[in-house]
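Okay, here's what each chain looks like letter by letter:
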Amino acid sequence: MTAGTRARLEELERSGPDPRSSELCVVLCWLVRDQVPIDEADLNAARRRAMFVLAAGGDPHRDLVLDSVAAERLADELDTPERRARLGAALADLPVDDLAAVAAAAESLSADPELAWRSFALSLLADELADE
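Residues numbered from 1 in each chain as written. Predicted model: local features only at pLDDT ≥ 70, side-chain atom pairs only at ≥ 80, totals over all residues. Heavy atoms only, no water.

(A) Representation of the overall build of the protein chain in the model. A count of helical and extended segments in the protein chain gives seven helices and zero strands. Helices (α) and strands (β) of the protein chain occur, in sequence order from the N terminus, as α-α-α-α-α-α-α. Since a compact globule built from 132 residues should have a radius of gyration of about 14 Å, the 14 Å found for the protein chain is in line with a globular shape. Seen through its principal axes, the protein chain has C-alpha atoms that stretch 45 × 30 × 25 Å. Across the 132 residues that make up the protein chain, the buried fraction comes to 40%. The long-range share in the protein chain, meaning contacts at least 24 apart out of those at least 6 apart in sequence, stands at 81%. Charged side chains of the protein chain number 14 positive and 27 negative; the gap between the two group centres comes to 2 Å. (Helix = DSSP H or I, 4+ residues; strand = E, 2+ residues; numbered from the N terminus. Rg over C-alpha atoms; globule rule 2.2 N^0.38 Å. Buried < 20%, exposed > 50% of the residue type's maximum accessible area, 1.4 Å probe, protein only. Contact = heavy atoms within 4.5 Å. Lys, Arg positive; Asp, Glu negative; His and termini not counted. Charge placed at Lys NZ, Arg CZ, Asp CG, Glu CD.)

Quick look at the structure:
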């Protein structure tokens with residue numbers, strides 16, 4: 001992890017997040033996204049298909065939620081045991097000591113690999129929307 005990651009985690013903690021919020025889980029997964037290797041062509045194709053699903057459901061820029069069809073589709077399409085293991089390791093390595101809310105969210109993700117994987121997929125989808 002970089003010093004920039006720790007600074008971002010401290011900034012998150014100062015914002016007073018609810019440790020049970022899905023948004024916090026998605027942000028934590030977004031911070032470690034580069035530690036979960038996915039071939040760029042595969043990722044782009046899967047995100048494109050998820051974006052079509054999102055657009056078919058209405059406004060593609062509406063708020064995303066963990067159980068949205070587009071996020072679930074992306075999670076299913078990218079799911080492999082190796083990627084899940086890398087995500088779990090990356091989340092466990094987050095420097096969250098003395099950051100109560102952020103640490104609680106990271107622990108929730110570690111305790112629930114399905115939640116972690118869906119949060120990761122949603123972070124990838126949100127990243128795609130931010131680039132548009």
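(B) Representation of the packing of aromatic side chains in the model. Taken as a whole, this structure holds one aromatic pair when the rule is applied. Ring centres of W117 and F120 lie 5.1 Å apart, and the angle between their planes is 35°; on these two criteria the pair is classed as tilted. On the criterion of helical spacing, the pair formed by W117 and F120 is a turn pair, its members being three residues apart in helix α7 (residues 113-131). With respect to class, W117 is no different from F120; both count as buried. (Phe/Tyr/Trp six-rings, centres within 6.5 Å; stacked < 30°, edge-to-face > 60°.)

(C) Layout of the packing of helix α1 (residues 3-14) against helix α6 (residues 100-111). One can describe the packing of α1 onto α6 by two numbers: an axis separation of 7 Å at closest approach and a directional angle of 105°. Judged on the interaxial angle alone, α6 and α1 are roughly perpendicular. The segment α1 lies against α6, with L9, L12 and E13 engaging A100, A101 and V102. Of the residues belonging to the contact of α1 with α6, the class tally is five nonpolar, no polar and one charged. (Axes fitted to C-alpha atoms, helices over the stretch in contact; angles between N-to-C directions. Parallel < 35°, antiparallel > 145°, perpendicular 65-115°, else oblique. Nonpolar A, V, L, I, M, F, W, Y, C, P; charged D, E, K, R; others polar.)

(D) Just the pattern of salt bridges, in detail. For the structure shown, the criterion picks out eight salt bridges. Across the pair R33 and D127 runs a salt bridge whose closest N-O atoms are separated by 3.8 Å. Remark: D127 occurs in helix α7 and R33 occurs in the loop between α2 (22-31) and α3 (40-56); sequence separation between them is 94 residues. Among the residues examined, R33 registers a relative accessible area of 21% and is labelled partly exposed. Each of the salt bridges in this network shares a partner with another, and the network as a whole consists of R6, E10 and D98. (Salt bridge = Lys/Arg side-chain N within 4 Å of Asp/Glu carboxyl O.)

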